[in-house]
Amino acid sequence: METPAYFYGFPDFAIERTASGVLTLRLHSGGEPAALSVRLHRDFPRVLREIADDRDNRVLVLTGTGDRFMTEMDMRGDRQAFKPLHWDEIYWEGRQVLRALVDLPMPVVAAINGPATIHSEWVLLGDITIASDTAYFQDFPHLAGEVVPGDGVHVVWEELLGINRARYAALTQQVFQADEALRLGMVNEVVPSADVLPRALALAEQLASKPPLLLRLTPLALRQRLARRLDEGTTLGLALEGLTMADKPYQPPV
């Protein structure tokens, strides 16, 4: 079988697939742990759409590289987020990646290989979430960057933690270690770091043996509430985040 072109078309995403149709999508930056960049943010919804359109993909395993999922960001480039026209690009991409994740016509197993302090919602949206015992979760960049947390993390954390705990976490930059995340229901399993990907792949292979239509339709049924909540929450949330970003040039120097 010929390897699809999208396997090699996105520099920040390593893709491989087993004979049974389990596709692993691994985020990275030059082979190192992934750092959020303009290109990665732009390409993530694109690669997810390619994956969704390929009916040879039966189950998706989503993971990071090295000892963390994502804790760094490098958004340098010619896109200035405080400008409304540039923010519209971020707004569009931010909504599209979440829509693509909840619309994927296949089960998603998240192999959370370490700390996730930037876009933790990407992996926490997995239908099954396997976390390393070294993982921890935090919404670091929004409060630190003095912008509204409106890009989806606010919705996902509220769904997983409840309203009061999610609001407290957003306003205090609370850190949830792996064992607490398990106790609170943020993740399904916590295993030693070396076992995260093997465990995720084993579960994915079990699922891949099920009938194709069952695999395509069951996740869509299970994600209906999340899809509605994300659509509602990011429509306003990203607009509010953009307003605080646009206000940055007017803030007095510290």
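The rules behind the values
Residues numbered from 1 in each chain as written. Predicted model: local features only at pLDDT ≥ 70, side-chain atom pairs only at ≥ 80, totals over all residues. Heavy atoms only, no water. Buried < 20%, exposed > 50% of the residue type's maximum accessible area, 1.4 Å probe, protein only. Helix = DSSP H or I, 4+ residues; strand = E, 2+ residues; numbered from the N terminus. Arc of directions from axis to C-beta. Contact = heavy atoms within 4.5 Å. 1 Å grid on protein atoms, 1.4 Å probe; cavity = no way out; pocket = protein on both sides within 12 Å on 5 of 7 lines; lining within 4 Å. Points joined across faces, edges and corners; volume = space filled by probe spheres on them. Nonpolar A, V, L, I, M, F, W, Y, C, P; charged D, E, K, R; others polar. Core = buried A, V, L, I, M, F, W, Y, C linked by side-chain atoms within 4.5 Å.

Caption draft 1: Summary view of helix 9 (residues 212–222). Listing the buried residues of helix 9 in full gives L215, R216 and P219. The arc that holds the buried residues of helix 9, viewed along the axis, is 95°, so those residues lie on one side. Lining the buried residues of helix 9 we find helix 8 (196–208).

Caption draft 2: Region of interest: unusual backbone geometry. Phi is positive for E146, close to 60°, though the residue is something other than glycine. Summarising the element assignment, E146 is placed in the loop between helix 4 (141–145) and helix 5 (153–161). Judged by its relative accessible area of 59%, E146 is exposed.

Caption draft 3: Just the layout of surface pockets, in detail. For the largest pocket, the calculated volume is near 490 Å³. In terms of lining, the largest pocket is formed by 28 residues, of which the most central are L36, M73, M75, E241 and M245. Listing elements by their share of the lining of the largest pocket, those giving two or more residues are helix 1 (38–53), helix 2 (84–103), helix 3 (120–124), helix 4 and helix 10 (224–246). Residue classes in the lining of the largest pocket are distributed as 13 nonpolar, nine polar and six charged.

Caption draft 4: Seen up close, the nonpolar core. The biggest cluster of nonpolar side chains holds 51 residues, and the ones touching the most others in it are L25, W122, F137 and W157. With sequence-adjacent residues up to four places away left out, W122 is seen in contact with L27, L36, L40, F44, L62, F69, M70, V97, L98 and L101. Counting residues in each nonpolar core, the second largest holds 12 residues, with V109, A111, V196 and A208 among its members.

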